[in-house]
Amino acid sequence: MGDLRWTTVLNYVIAALPERCDAVLVEGSASRSALFAERLRAISGVHVVTDRTHLRPDATIFTVSARGPDGRGGASLVGDGRADAVIDLHDVTWPVLRHLDRAHAEYDHWYNTESRAFFAARAATWDTKFGADLPAYAAAVAEAGLIPGSVTLDAGCGTGRALPALREALGPTGTIIGVDHTAQMIAAATDRARACGATLLLADACRLPLADHSVGAVLAAGLIQHLPNPEIGLTELARITHPGGRLLIFHPTGRAALAARHGRKLRPDEPLAETVLRASAARTGWEVTGYEDGESRFSALAIRR
């Protein structure tokens, strides 16, 4: 499986290189950069170097581990435009393409494959690492004003951390549907779903197998900012939500604290920035009625127009 994963990532990178590419620079931690450069050179025949001295590369690739080169997160390299691609080599047997510049590739073409690869490798230990977030999920759901007995979708449900809180809010007659596009996350959520009487679906949040106006509320925890096109995601969530229904966009950590954890600074054009989110929501059939971005959590509530 490791060799197939390497081949998948390398082929995505090669396909995205400029048509005339004389040199590719691979930077990051020395050992990981050398490993990626060696593999890229072997499969592509492109001139690949790990030292930018006297070189103006046609493409720049950063390799990162858990915190990125020099202890920083790979997101900082994306944000300042220095990297055309960012490769996560936290586990060198399971590389993951974390970023590929939109100018060089169709985002959808690689995003779903690589996103699934990222979460598949982490599903088994997700609750161990983030189990302390459960009270924050419960508080957010309790404050969302969900209607007992209604139908609610947990979009990007992951390991099902919100399912117990949703059952508490909806009561015994409510319907809970959890959707995630990673099979390993669905598997990890199975026990919670069974205990909460929830239905799990393996599906893309941007192409949901649900009828128009079929749900009364949507929880999108840690989802919108990770979609390849947030407005396509918001439009799809609006399609399945009946008029007057609710959308709760949530993360158990505020945007500034989360950015700092990943070694980057907030940008004003990010999908969850207040002005950006309000405008995106308005264009896709939602009206944002509440917005909170504190240190301990992010929460935005929208109503389906």
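Further up the page is the structure itself.
Residues numbered from 1 in each chain as written. Predicted model: local features only at pLDDT ≥ 70, side-chain atom pairs only at ≥ 80, totals over all residues. Heavy atoms only, no water.

1. Considerations on the packing of helix H7 (residues 163-170) against helix H8 (residues 183-196)
At a minimum axis separation of 9 Å, H7 and H8 run at an interaxial angle of 15°. Here H8 runs roughly parallel to H7, going by the angle between their axes. Judged by the sense of rotation from one axis to the other, the crossing of H7 with H8 is right-handed. On the side of H7, the interface is formed by Leu-163, Pro-164 and Arg-167, while H8 contributes Arg-192, Ala-193 and Cys-196. Of the residues contributing to the contact of H7 with H8, the split by class is four nonpolar, no polar and two charged. (Axes fitted to C-alpha atoms, helices over the stretch in contact; angles between N-to-C directions. Helix = DSSP H or I, 4+ residues; strand = E, 2+ residues; numbered from the N terminus. Parallel < 35°, antiparallel > 145°, perpendicular 65-115°, else oblique. Left-handed = near helix turned anticlockwise from the far one by under 90°. Contact = heavy atoms within 4.5 Å. Nonpolar A, V, L, I, M, F, W, Y, C, P; charged D, E, K, R; others polar.)

2. Structural notes on the pairing of strand S5 (residues 96-100)
Counted residue by residue, S5 has four buried out of five residues, so it is predominantly covered. The pairing of strand S4 (residues 85-88) with S5 spans four bridges and is classified as antiparallel. Across the sheet, Asp-88 pairs through a bridge with Val-96, a residue of S5. (Buried < 20%, exposed > 50% of the residue type's maximum accessible area, 1.4 Å probe, protein only. Pairing = 2+ DSSP bridges.)

3. Looking at helix H11 (residues 274-283)
Among the residues making up H11, those that are buried are Leu-277, Ser-280 and Ala-281. Axial view of H11: buried residues confined to an arc of 100°, hence all on one face. Along H11, exposed side chains directed more than 90 degrees from the buried face belong to Thr-275 and Arg-283. On its buried face, H11 is in contact with helix H9 (230-240), strand S10 (241-251), strand S11 (286-293) and strand S12 (298-304). (Arc of directions from axis to C-beta.)

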